[in-house]
Each structure stands twice: as C-alpha cells, then as structure tokens.
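Analysis of the macromolecular model
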Amino acid sequence: MADSAQDRQPTPDPAENNAFFPSPYSLSQYTAPTTDFDGLGTDETYTGGKWKVLVIATDERYMLMQNETFFSTGNHPVETLLPMYHIAQAGYAIDIATLDGEPGKFEWWAYPKDDEAVTAEWEETKEAFKAPKKLTEVLEQGLDDYAAIFIPGGHGAMNGIPFSAVLGETLDYFLDNDRLIITLCHGPAALLASGVGRDENPFAGYRIVAFPDTLDEGANIEIGYLPGKMPWALGKALTEAGIEIANEDMTGATTRDRNLLTGDSPLAANQLGKDSAKALLEQFGN
C-alpha cells in the first residue's frame, strides 16, 4: 500500500472514547493473511489422555497510554493460536482461563484470515475463549493434570496479568512441580506476577527473549501502531526483576532456560509452537 502521513495515524476505535487501533501503514508492515506455518515439528503424538495445557488469556481490551489515549489491544491471534495448534496436534488437551472468567480478548485486526492452521485452532477453541474458566477456580480445583501453562502475547498481556497474585500462585505450582512455562512477545509480563508481594522474583536469573522496548518506544509510535507511549516498559520491568533479556531486536528468536520457553514476537510463534510440542512430548509423553 502507498505510504502517507495519514496512513500512519492510528485508526479510531468507535467502541471507546479516545481509543485507537493500529494505523493502516503499521498493519501493512506487521500483519499478513498467512503465517510462516510450515508443518508440524514432530510426528509424535501424546495418547495418554491425562496431560493438559492451561492457557491464560487476557480479558482486558484497552491499555491506557501515557497521553490518555487507549490502545485497543488484547492477545495477538498468531501468538496465541499458532503455538496452541502445535500443542493440540501433539495430542494435548487445552483449557482456557482468564483472571476474571470474562471472555478472552484478541487483537482481531492481526488475524491471518487465510492461514489454515490458525483458523483450525480458532474454530476448535473459540467457544472456550468466549466462556473461559476463572483462574481462581482452576487453582482451587487443582493443577495436577497440567503439564504446561501458556501465556500468549499481545499488548493486552501487560494489563492486569502482571499484577495478579493468583497468577503468581499458579506460576509457583508450575515452577515447584517441574512443569513447562511457555510465553512470547509481551506475554513474559506475566512473569512479574511471581514477584507480587515478594522481595525477589523466583524467575530472577532466568534468560528469556521478549518484545524489545526500543520498538515500543520508537518505531511503534512513529508508524502509528501505538497511539502513544505505553504506561510502562516491559523489558525494563523484567530486567529490574532480575530476568535477563537475551535479544535486542525482533527476529523470531526462541529460547529455553530450564522449563521456561520464550519467543520474541509473532515471528517466533511457529517455532515456539514446535519447541513446546517437542518439550511436552519429551517430558510428558506418557
């Protein structure tokens, strides 16, 4: 599409006062009708019927920026559904939960409408996203059958999730019981929940990849992806919590430190899905 100053202006969201979607130009740079899905990373399939994966979606739509505008956000559909597709195809059942039990929110403007893998996973899970479990109730019922927890990205993951003591308690279980923790892009904000009410975050010393602050503070504002400066910086907060960020750019990188698997952006969603399926099969394949 032709670039112009107007194309770089965030698009008003009519559902909320002073709220905005990303600009047309930014969407031309950051979204596409298909992903880089190129098949499954393994032919193995879990058939035991016990192990599940718990997905924590955001149920918040709007992020209040420093200039008093709202960014109309949620979970990024590629970052959410493509890793889930790999996990599901590897034979693991998936439960969806949100902090308050309200419907999961998506950055629907980023949905890759012609992608067969993402579409298949959306069709399989859309009712669960519309009527998810409440995290406190999941915790009360017990986490013994969950092999992994997955917190997808999208700027919406930076709203209530990082400040949730309930999520912190949930993450404690996965850390203490040698289960997998999977997240990408802005999803690692969830790791901050483990430090709520504590002098030290249990993830201090872990090495991850995440979405770079430099893009959110620079190019994402310049091209109109964001309508203003974010309320806080993801990388800075993670670093202050003692978590090491290995990447400076957005390249599609993934990494694993102990049982924590991370990816840096939507570009990492496909590979993180493959990494996660293999890790699940290696550790919880029977």
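Anything mentioned here points back to the structure above.
Cut-off values and rules
- Residues numbered from 1 in each chain as written.
- Predicted model: local features only at pLDDT ≥ 70, side-chain atom pairs only at ≥ 80, totals over all residues.
- Heavy atoms only, no water.
- Helix = DSSP H or I, 4+ residues; strand = E, 2+ residues; numbered from the N terminus.
- Buried < 20%, exposed > 50% of the residue type's maximum accessible area, 1.4 Å probe, protein only.
- Contact = heavy atoms within 4.5 Å.
- Phe/Tyr/Trp six-rings, centres within 6.5 Å; stacked < 30°, edge-to-face > 60°.
- Lys NZ or Arg CZ within 6 Å of the ring centre and 35° of its normal.
- Salt bridge = Lys/Arg side-chain N within 4 Å of Asp/Glu carboxyl O.
- Pairing = 2+ DSSP bridges.
- Expected span 1.5 Å × (residues − 1).
- Axes fitted to C-alpha atoms, helices over the stretch in contact; angles between N-to-C directions.
- Left-handed = near helix turned anticlockwise from the far one by under 90°.
- Nonpolar A, V, L, I, M, F, W, Y, C, P; charged D, E, K, R; others polar.

Time to look at the side chain of H186. Turning to its location among the elements, H186 is positioned in the loop between β9 (180–184) and β10 (207–208). Judged by relative accessible area, H186 falls into the buried class, the value being 1%. With near-sequence residues (within four places) excluded, H186 lies in contact with G153, G154, H155, A157, M158, F211, D216 and L234.

A word on the side chain of S194. With respect to the helices, strands and loops of the structure, S194 is situated in the loop between β9 and β10. Among the residues examined, S194 registers a relative accessible area of 1% and is labelled buried. Once you skip the residues sitting within four places of it in the chain, S194 turns out to touch G168, L171, N201, P202 and F203.

Quick look at the packing of aromatic side chains now. Per the stated rule, a full pass over the model turns up 17 aromatic pairs. Ring geometry for F106 against W122: centres 5.4 Å apart, planes inclined by 80°, an arrangement best described as edge-to-face. Within this pair, whereas F106 is found in the loop between β6 (93–98) and α3 (116–130), its partner W122 is found in helix α3, the two being separated by 16 residues in sequence. W122 carries the same exposure label as F106, and that label is buried. Between W109 and Y225, the ring centres sit 5.7 Å apart and the planes meet at 85°, which makes this aromatic pair edge-to-face. Here W109, found in the loop between β6 and α3, pairs with Y225, found in the loop between α7 (219–222) and α8 (234–240); they are 116 residues apart in sequence, far enough to count as distant. With a relative accessible area of 18%, W109 lands in the buried category. An aromatic cluster of three or more residues is present, and its members are F106, W108, Y111, W122 and F129. Over the ring of Y25 we find R8, and its NZ or CZ is 4.1 Å from the ring centre.

Once that is clear, we can look at the pattern of salt bridges. Close approach of charged atoms lets side chains of opposite charge pair. Under the defined criterion, the tally for this structure stands at seven salt bridges. K52 serves as the salt-bridge partner of D95, at 3.0 Å between the closest nitrogen and oxygen. With D95 in strand β6 and K52 in strand β3 (residues 52–56), this residue pair connects regions lying 43 residues apart in the sequence. The exposure class of D95 is buried, given its relative accessible area of 13%. Note on K52: relative accessible area 23%, which makes it partly exposed.

Okay, the environment of P103 next. Within the element layout of this structure, P103 appears in the loop between β6 and α3. P103 gets classed as partly exposed once you look at its relative accessible area, which sits at 31%. Here the alpha-carbon distance between P103 and P132, two residues 29 residues apart in the chain, equals 6.2 Å. Every residue in contact with P103, bar those within four places of it in the chain, is listed here: T58, D59, F129, K130 and P132.

With mixed pairing, four strands are arranged side by side in an open sheet as β1-β2-β5-β4. Unpaired on one side and paired on the other, β1 (11–12) and β4 (62–64) mark the two borders of the sheet.

What follows deals with helix α5 (residues 165–176). One turn of the α-helix equals 3.6 residues, which is why residues spaced by three or four share an orientation. The end-to-end C-alpha distance of α5 is 16 Å, a good match for the 16 Å that twelve residues give at a rise of 1.5 Å each. When we look at burial in α5, the residues that qualify are L167, G168, T170, L171, D172, Y173 and F174. Check the buried side of α5 and you find it contacts β3, α4 (135–141), β8 (146–151) and β9. With its phi angle positive at about 60°, D178 sits one or two positions after the end of α5.

Okay, the sheet that holds β8 next. Pairing is mixed in the open sheet, where seven strands are placed in the order β7-β6-β3-β8-β9-β13-β12. Each end of this open sheet is capped by a strand with a single partner; those strands are β7 (133–134) and β12 (254–257). In this sheet, strand β13 (residues 260–263) lies alongside β12 in antiparallel orientation, the contact comprising four bridges. Bridged to T254 within β13 is G263. α5 rests against β3, β8 and β9 of the sheet, and its axis sits at about 135° to β8. Packing of helix α9 (residues 269–284) onto the sheet brings it into contact with β3, β8, β9, β12 and β13, and relative to β9 it is tilted by some 180°.

Here we take up the packing of helix α2 (residues 77–89) against α9. Remark: α2 packs on α9, axes separated minimally by 8 Å, with the N-to-C direction vectors making an angle of 35°. Of the two elements, α2 crosses α9, and the hand of that crossing is right-handed. When α2 is examined against α9, the residues V78, E79, L82, P83, H86 and I87 are found in contact with a partner set consisting of A269, N270, G273, K274, S276, A277 and L280. Residue classes in the contact of α2 with α9 are distributed as seven nonpolar, four polar and two charged.

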